[in-house]
Amino acid sequence: MPVDLRDPVRLLLDTVLADARVHEEGAVADYIPELANADPDALGIALVSTRGVPHEAGDSGVEFTIQSVSKPFAYALALDLFGIDAVSEHVGLEPSGEPFNAISLDEASGRPMNPMINAGAIVTTSLLPGATADEKFAVVRTGLERFAGRELGVDEAVFASEAATGDRNRALAYLTRSAGTLGSTAEVATTAYFRQCSVLVTARDLAIMAATLATGGVNPVTGERVISEDAARWTMAVMTGCGMYDASGTWLVRVGLPAKSGVGGGIVAVQPGQFGIGTFSPRLDARGNSVRGVAMLEALSRDHGLHMLAHREEPLSPIGALSRSDDGMETVAALRGELRFAAAEEVLTRLAPLVRDDGTLVLDFSSVTSVGPAATRLFRALPGLLGPVEDRHIQVVLHDPEGVLDDD
Ligand code: DON
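Just so it is clear, the structure is predicted and the values come from calculations on it, not from any experiment. (Residues numbered from 1 in each chain as written. Predicted model: local features only at pLDDT ≥ 70, side-chain atom pairs only at ≥ 80, totals over all residues. Heavy atoms only, no water.)

Caption draft 1: Fine view of the domain arrangement of the protein chain. Here the protein chain is described as being made up of domain 1 (8–304) and domain 2 (319–406). Relative placement of domain 1 and domain 2: their C-alpha centres are 45 Å apart. (Domains from an automatic or database assignment.)

What follows is the structure, given as structure tokens:
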């Protein structure tokens, strides 16, 4: 029998892409005149696993401007540099349920509430290091390049076109400046932001960038740590609530992945711990989200159970094998796999009643691959828990040759 060596993930993406072509509705953005030149029929998708393996279909290598898809990544850079508390003093964490260009500012503080729409994104860029627009943009560009794992160009025509027509964004910058939340002058912030939106990427780049969030901040292709785990988690959390403008709630129910769209036609979506996806199709719906991109991600989520809150089957028991000595005094449990809070709770509640008073419980961690922080704490407290606390005397031996219980 000949072996079919075609990539099954690629075949899946081919099907998703072909199915999305039935959507003829939507139009390319034209509020930035230069964007009106985009090919409405361009269509691409790429998926990159957290092991750095890329799978692609259609126009996944065609460049387009990143636009608002840059927002979570610039935000991630700011979070990585300054932390969530300092950044939140300037821009909030709330889904505003408003269009991307809304004058969306907290009434009392004048602070933008949502970092994934323009007002919040302009403030975010203003916070990045550098005194001039060029210096701030250099920080953003280098950061985006580390997320993508390659050098990225700028579409100068789109930049010039947005700079020539971006008065609404300038107005947002001046409003936030007057409220004291902008980190630079309005001109510096908007010029850096317009250039940030004009960076050229492909769907493949977006998938690698999303996969870098999925790993907790390490680019899975280059192996470089781009941002901290905390910054990656905060960014994905904000994308979950705010990434699709005023369609964010519907998106969370129908697709259920942290995501961000842009008027250049790109969307990034992350399945934390598993993969990143980038899509490209410039036909936009009335909210500025790519019609075919949304259709592809909805289909993937619906047909392949990718919603991050989908019910998961009972995990494998953390107790791989259990034995007792003939006299019943020693119980040995061989634990296995990745132990998190629920697994530690299962080990403790199942084994404690089995061990005889004055007996010994040996927990063998030789086949355990990792132990989460909460589980580590529970296991470390175990001798105390089963001893005086319950007025029983059980000796607990933690056999941990690989040191999986060591705090890092
Ligand atoms: O601020 C703007 O108008 C654009 N450069 C970016 C906006 C954007 O991508 C909104 N997307 N749907």
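Caption draft 2: The arrangement of the site of the ligand in detail. Neighbouring the ligand are 14 residues, the closest being Y31, S68, E162, Y193 and Y245. In the model, an oxygen atom of the ligand is placed 2.5 Å from a nitrogen or oxygen of the Y193 side chain. (Near = heavy atom within 4 Å. Polar contact = N/O pair within 3.5 Å; in protein donor to acceptor, adjacent residues only side chain to side chain.)

Caption draft 3: Fine view of the nonpolar core. Core analysis: the biggest nonpolar cluster contains 55 residues, and F147, L213 and I227 have the highest contact counts within it. Among the secondary structure elements, those contributing two or more residues to this core are α2 (70–88), α3 (118–127), α4 (133–148), α6 (167–178), α7 (186–197), α8 (203–214), α9 (229–242) and β6 (266–271). The leading source of residues in this core is α2, at eight residues. Excluding anything up to four places from it in sequence, F147 contacts F73, A76, L77, I208, M209, T212, L213, N219, V226 and I227. (Core = buried A, V, L, I, M, F, W, Y, C linked by side-chain atoms within 4.5 Å. Buried < 20%, exposed > 50% of the residue type's maximum accessible area, 1.4 Å probe, protein only. Helix = DSSP H or I, 4+ residues; strand = E, 2+ residues; numbered from the N terminus. Contact = heavy atoms within 4.5 Å.)

Caption draft 4: A look at α3. The buried count for α3 comes to 10 of 10 residues, which makes it a mostly enclosed element. Turning to α3, its buried residues number three or more, namely N118, A119, G120, A121, I122, V123, T124, T125, S126 and L127. Tucked inside the fold, the buried residues of α3 contact α2, α4, α6 and α7.

Caption draft 5: Just the pattern of salt bridges, in detail. Evaluated as defined, the whole model comprises 16 salt bridges. Put simply, R150 and D205 hold a salt bridge, and the shortest N to O gap is 2.8 Å. Highlighted residues: R150 in the loop between α4 and α5 (156–165) and D205 in helix α8, separated in sequence by 55 residues. For R150, a relative accessible area of 32% corresponds to the partly exposed category. When its relative accessible area of 2% is taken as the criterion, D205 is described as buried. One salt bridge in this structure joins D167 and R170, with 2.9 Å as the shortest N-O distance. Pair noted here: D167 and R170 are both in helix α6, with a separation of three residues, about one helical turn. Using a relative accessible area of 17% as the deciding quantity, one classes R170 as buried. (Salt bridge = Lys/Arg side-chain N within 4 Å of Asp/Glu carboxyl O.)

Caption draft 6: Layout of helix α1 (residues 8–20). Spanning 13 residues, α1 covers 19 Å between terminal C-alpha atoms, matching the ideal 18 Å at 1.5 Å per step. Along α1, the residues classified as buried are L13, V16, L17 and A20. Within α1, the buried residues cover an arc of 95° as seen down the axis, which keeps them to one side. Those residues of α1 that are buried are in contact with β1 (44–49), β2 (54–58) and α11 (291–304). You can read the cap of α1 off the contacts: a side-chain oxygen lies 2.8 Å from the backbone nitrogen of V9, and it is on D7. (Expected span 1.5 Å × (residues − 1). Arc of directions from axis to C-beta.)

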